[in-house]
Amino acid sequence: MFISFEGTEGVGKTTLIRRLFEYFQQQGKDVVLTREPGGTPLAEQIRSLLLSVNHDEKMSNDTELLLMYAARAQHIEAVILPALGAGKIVLCDRFIDSSFAYQCAGRGLSRDKLHLLNENFVAQMPDLTFWLDAPIELGMTRARERGALDRFEQEKVTFFESVRSGFAEIHARDPERMKRLDATQTEDAVFAEALSYLE
Ligand code: Z5A
């Protein structure tokens with residue numbers, strides 16, 4: 001089983017994914033926790049490029065998209081497919097829905113570009129996706145207590161509103177795969193809602 005976790009910043013993806021990881025471990029399941037961009041040493045290097053702030057050169061939107069998919073190709077081949085092949089549960093913090101929400105809905109890149117990449121480089125779709133949804137300001141407040149902001153976190157609220165509507169569009173299109181969780185609830189309540197879908 002391949003489960004991805006999506007949402008705008010600070011909605012609690014990492015918190016939920018860690019709790020589910022422990023839950024599956026306690027049940028004696030073989031479970032892998034991973035993330036995008038990243039998840040392998042090479043893909044983590046690409047992540048650093050994507051998140052770092054460079055005041056001398058603005059990263060183009062196409063470059064951002066292609067780096068996301070370079071990291072993803074490596075991650076799928078080196079981590080996701082082998083783990084699924086070995087019968088493990090894979091929990092992935094962000095996956096291709098983030099590319100639609102951030103690069104298409106957020107940055108305004110064409111859906112055709114994304115489609116081309118997905119068709120050619122994504123051999124595995126998640127069986128289930130949790131979309132943690134909350135008003136942008138709530139997630140920003142939670143996340144920004146951490147300190148220095150990365151390249152994405154420096155974007156304006158309007159950018160994140162577009163990203164959120166991108167996730168809403170995927171949810172409307174594919175409600176069977178993507179389940180919306182109310183991320184304004186307590187951590188315990190979000191966990192319980194996720195478990196109710198899993199059970
Ligand atoms: N990106 C992209 O553009 N295209 C792509 O294809 C992919 C990614 C794959 C890095 O992702 C960036 O990459 C991301 C999109 C882009 N940028 N943004 N924005 P990331 O996942 O590493 O970054 P993030 O979304 O900013 O992660 P985050 O800030 O760590 O958010 P989170 O994982 O959803 O939240 P959290 O760490 O679990 O919780 C944040 C805080 O809130 C923390 O102190 C928790 O204790 C607290 N928390 C969590 N849940 C709750 C509840 N329920 N109540 C109260 N407090 C809570």
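Residues numbered from 1 in each chain as written. Predicted model: local features only at pLDDT ≥ 70, side-chain atom pairs only at ≥ 80, totals over all residues. Heavy atoms only, no water.

When helices and strands are tallied, the protein shows 8 helices and 5 strands. In the protein, the succession of helices and strands from N to C terminus is β-α-β-α-α-β-α-α-β-α-α-β-α. Computed over its C-alpha atoms, the radius of gyration of the protein comes to 16 Å, within 12% of the 16 Å expected for a compact globule of 199 residues. Each principal axis of the C-alpha distribution contributes one length, and for the protein these read about 50 × 35 × 35 Å. When the 199 residues of the protein are sorted by exposure, 47% land in the buried category. In the protein, 78% of the contacts between residues at least 6 apart in sequence involve partners at least 24 apart. Summed over its atoms, the accessible surface of the protein is roughly 10,000 Å², and 51% of this surface lies on carbon and sulfur atoms. Averaging the locations of the 23 positively and 31 negatively charged side chains of the protein gives two centres separated by 1 Å. (Helix = DSSP H or I, 4+ residues; strand = E, 2+ residues; numbered from the N terminus. Rg over C-alpha atoms; globule rule 2.2 N^0.38 Å. Buried < 20%, exposed > 50% of the residue type's maximum accessible area, 1.4 Å probe, protein only. Contact = heavy atoms within 4.5 Å. Areas by Shrake-Rupley, 256 points an atom, 1.4 Å probe, with all protein chains shown as cover. Lys, Arg positive; Asp, Glu negative; His and termini not counted. Charge placed at Lys NZ, Arg CZ, Asp CG, Glu CD.)

Once that is clear, we can look at the nonpolar core. One finds Phe-2, Tyr-69, Phe-95, Tyr-102 and Phe-167 to be the most contacted residues of the largest nonpolar core, which totals 37 residues. Those elements that place two or more of their residues in this core are helix 2 (41-51), helix 3 (61-85), strand 3 (89-93), helix 4 (96-106), helix 5 (111-121), helix 6 (136-144) and helix 7 (157-173). With 9 residues, the top contributor of residues to this core is helix 3. Apart from residues no more than four positions distant in its own chain, Phe-95 is found in contact with Phe-2, Ser-4, Glu-6, Glu-36, Arg-72, Ile-76, Ile-80, Val-122, Gln-124 and Pro-126. With 22 residues, the next largest nonpolar core counts Phe-5, Ile-89, Ala-183 and Ala-194 among its residues. (Core = buried A, V, L, I, M, F, W, Y, C linked by side-chain atoms within 4.5 Å.)

So, on to the side chain of Glu-64. Structurally, Glu-64 is set in helix 3. According to the relative accessible area criterion, Glu-64 is buried, its value standing at 1%. Polar contacts involving the side chain of Glu-64 include one to the side chain of Arg-107, which spans 2.8 Å. Every residue in contact with Glu-64, bar those within four places of it in the chain, is listed here: Leu-50, Met-59, Gln-103, Arg-107, Arg-151 and Phe-152. (Polar contact = N/O pair within 3.5 Å; in protein donor to acceptor, adjacent residues only side chain to side chain.)

The element strand 4 (residues 128-133) is largely enclosed, with a buried count of 6 among its 6 residues. When strand 4 meets strand 5 (residues 178-182), the two strands line up parallel, connected through 5 bridges. Bridge pairing in strand 5 links Leu-132 to Leu-181. (Pairing = 2+ DSSP bridges.)

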